[in-house]
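Report on the structure
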Amino acid sequence: MLEHLIQQRNRTYEEMVVEFSRLDEHATISARHLGRLARGERGSTGATPATRRALQSMFGMSLEDLLRPYQSVLEVTPPPANDSSLVLPSPGNERSILVMAADRARRFALLTSESTTPEAVDQLRDDVQRLALAYPQRPLPEILGDLAETQDTLFTLLERRQTPQQARQLHFLASVTSGLLAKASHDLADPHAAMLQARTAILCADQADHNGLRAWLRGLQSLVSYWAGRYAESVRYAEMGTVFASRSSGTASVWLPVSAARAYAALGNSEKAMTAIRAAEEAWHHVEPDEMDELGGTCTFNQPRTVYYAADALAWLPGHEQAVGYAERAVAAYADRRDPAWAFGDQAGSQADLAIARIAAGEIEGAYEAVSPVLDLEPSQRINGIIHSVQRVHQAVSRAGLAAEATDMIEQIEDFTTTPLRSLPR
């Protein structure tokens, strides 16, 4: 019955999973698991109460009825009409209304006063920090609207007359927000929009006169170029950022050399890649957190990301003696989801790098074990970098001549990459 209703709605399993996650904040399910339920390959005993509630809200039937053969269910009760108005409302609507009202009140308080008060600036800083902290740990669709609205609010305020101190603070926050939107554009596989946002962010950073922010933005440009396959450009942006990082003390001074390491490795220059990795590790001895690091999340570079970037660099150098070691350390660094440094994108990249290192050693089963958790990610988490990382695993299998031994893994990778985040309905 479940399979019939999904077909009737003319939706893919991935699209249904996105709708499913909105019905109950405690309910999670992968497209693969939903498909197995629909085909009758899984029973109802393993479903959590939250999953049962969400499925009943979605289809108006109990999980037991949804898993029965289509004809036997019809004998008991006709299927619900294919009318979205009959779908039960998701629980917690009252809370959603209150959140919307609070957001409207906040915007009114920020934009209707004749001058921007210190309290308003503090509120905006809290908003930007909340988004920076949420970005690496939450699916992009959940925060993108807030990001765009916050940028709009900051630009609106900057178009008014401000005191020099307020203007500097607002330009700083507008720059960070535009940087986060550059990252969002990159995650949606739009490097052109990403660079446009980054350039706007740099203009704001110049107005704020903040070297740590300038260095961080060059790191973002290096990242966008790297995943777009423009490796020489990625090195150039990383080196441009070191000028500003030398005048600051923040963690961008670590991010820039290890970013260059990845690009050097992709260009096949193992010597410069290893030199840059060592430079990044040495830079940790001189770091003193700055205003960017105080925001946290995407705005700071941490030790786990350093190890992950190093592993990502060595994944370009098949058979490198340190590739497996760095990749294993990176995977271990992201094992605890409660760690504030945890990021689903970096965790997935680390697991893909471990799979590539194991493929180089001829360990197909170990590679499959490493990449399997990545292939279970929801479409809303399949950002551009993760898609590229998984495709690199596919390429590594082909280059190693092990495609015949890795048929299941190849098929799952190809299925995974057909539904990236950018393909979801807007």
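This text goes with the structure placed above it.
The sections below set out a description of the structure shown in this document. Note that the structure is a prediction, hence the values are computed from the model and not measured.

With that settled, the discussion passes to the overall build of the protein. If you tally the helices and strands in the protein, you get 22 helices and zero strands. Scored against the burial criterion, the 426 residues of the protein give a buried share of 52%.

Let us look at unusual backbone geometry. A positive phi is found at A189, a non-glycine position, where the angle reads about 60°. Note that A189 resides in the loop between helix 10 (164-187) and helix 11 (191-208). You can call A189 partly exposed: its relative accessible area is 30%. Backbone geometry places D209, a non-glycine residue, at a positive phi of 55°. Along the chain, the position of D209 falls in the loop between helix 11 and helix 12 (211-227). The class of D209 is exposed, set by a relative accessible area of 57%.

For the structure on display, the rule yields six aromatic pairs. Between Y231 and W316, the ring centres sit 5.6 Å apart and the planes meet at 70°, which makes this aromatic pair edge-to-face. Taken as a pair, Y231 in helix 13 (residues 231-245) and W316 in the loop between helix 17 (303-314) and helix 18 (323-333) lie far apart in primary sequence, 85 residues in all. When the centroid spacing of 5.5 Å and the interplanar angle of 85° are considered together, the rings of Y308 and Y309 count as edge-to-face. An aromatic cluster of at least three residues, connected via ring pairs, comprises Y226, W227, Y231 and W316. Across the ring face of Y309, the terminal group of R262 is positioned such that the distance to the ring centre comes to 3.8 Å.

Turning next to the environment of E239. Checked against the element boundaries, E239 lands in helix 13. A C-alpha to C-alpha distance of 7.7 Å links E239 and P257, two positions 18 residues apart in sequence.

At a closest axis distance of 8 Å, the pairing of helix 19 (residues 344-360) and helix 20 (residues 364-375) adopts a crossing angle of 170°. The angle between helix 19 and helix 20 falls in the class roughly antiparallel. Between helix 19 and helix 20 lies a crossing of left-handed hand. Contacts between helix 19 and helix 20 involve A348, Q351, L354, A355, R358 and I359 from the first element and I364, G366, A367, E369, A370, V371, P373 and V374 from the second. Its residues placed into classes, the contact of helix 19 with helix 20 shows ten nonpolar, two polar and two charged.

This part covers helix 22 (residues 407-417). Of all the residues in helix 22, the buried ones are M409, I410, I413 and F416. Down the axis of helix 22, the buried set is contained in an arc of 125°. They therefore lie on one face. Those residues of helix 22 hidden inside the fold are in contact with helix 19, helix 20 and helix 21 (384-399).

Turning our attention to the pattern of salt bridges. Evaluated as defined, the whole model comprises 13 salt bridges. Here R168 ties to E291 by a salt bridge, and the two come within 3.4 Å at their closest N and O atoms. Of this pair, R168 sits in helix 10 while E291 is found in helix 16 (residues 291-295), placing the two residues 123 residues apart along the sequence. With its nearest N and O atoms 3.1 Å apart, the salt bridge here joins E233 to R230. Residue class for E233 comes out partly exposed when judged on its relative accessible area of 22%.

Once that is clear, we can look at the packing of helix 14 (residues 252-266) against helix 17. Interhelical geometry of helix 14 versus helix 17 gives an angle of 15° and a closest axis separation of 8 Å. Classified by the interaxial angle, the pair formed by helix 14 and helix 17 is roughly parallel. Our pair here, helix 14 against helix 17, has a crossing hand that is left-handed. Along its contact with helix 14, which presents V254, W255, V258, S259, A261, R262 and A265, the element helix 17 presents R305, T306, Y308, Y309, A310, D312 and A313.

On to the nonpolar core. Formed by 106 residues in total, the largest nonpolar core has its most connected members in V176, W216, I359, I386 and V393. Per element, the largest residue contribution to this core is nine residues, and it comes from helix 14. Leaving out residues up to four positions away in the same chain, I359 has contacts with I364, A367, V393, A396, V397, A400, L402 and M409. Of all hydrophobic cores here, the second largest spans 19 residues; its members include V17, M58, L63 and L66.

Definitions and cut-offs
Residues numbered from 1 in each chain as written. Predicted model: local features only at pLDDT ≥ 70, side-chain atom pairs only at ≥ 80, totals over all residues. Heavy atoms only, no water. Helix = DSSP H or I, 4+ residues; strand = E, 2+ residues; numbered from the N terminus. Buried < 20%, exposed > 50% of the residue type's maximum accessible area, 1.4 Å probe, protein only. Phe/Tyr/Trp six-rings, centres within 6.5 Å; stacked < 30°, edge-to-face > 60°. Lys NZ or Arg CZ within 6 Å of the ring centre and 35° of its normal. Axes fitted to C-alpha atoms, helices over the stretch in contact; angles between N-to-C directions. Parallel < 35°, antiparallel > 145°, perpendicular 65-115°, else oblique. Left-handed = near helix turned anticlockwise from the far one by under 90°. Contact = heavy atoms within 4.5 Å. Nonpolar A, V, L, I, M, F, W, Y, C, P; charged D, E, K, R; others polar. Arc of directions from axis to C-beta. Salt bridge = Lys/Arg side-chain N within 4 Å of Asp/Glu carboxyl O. Core = buried A, V, L, I, M, F, W, Y, C linked by side-chain atoms within 4.5 Å.

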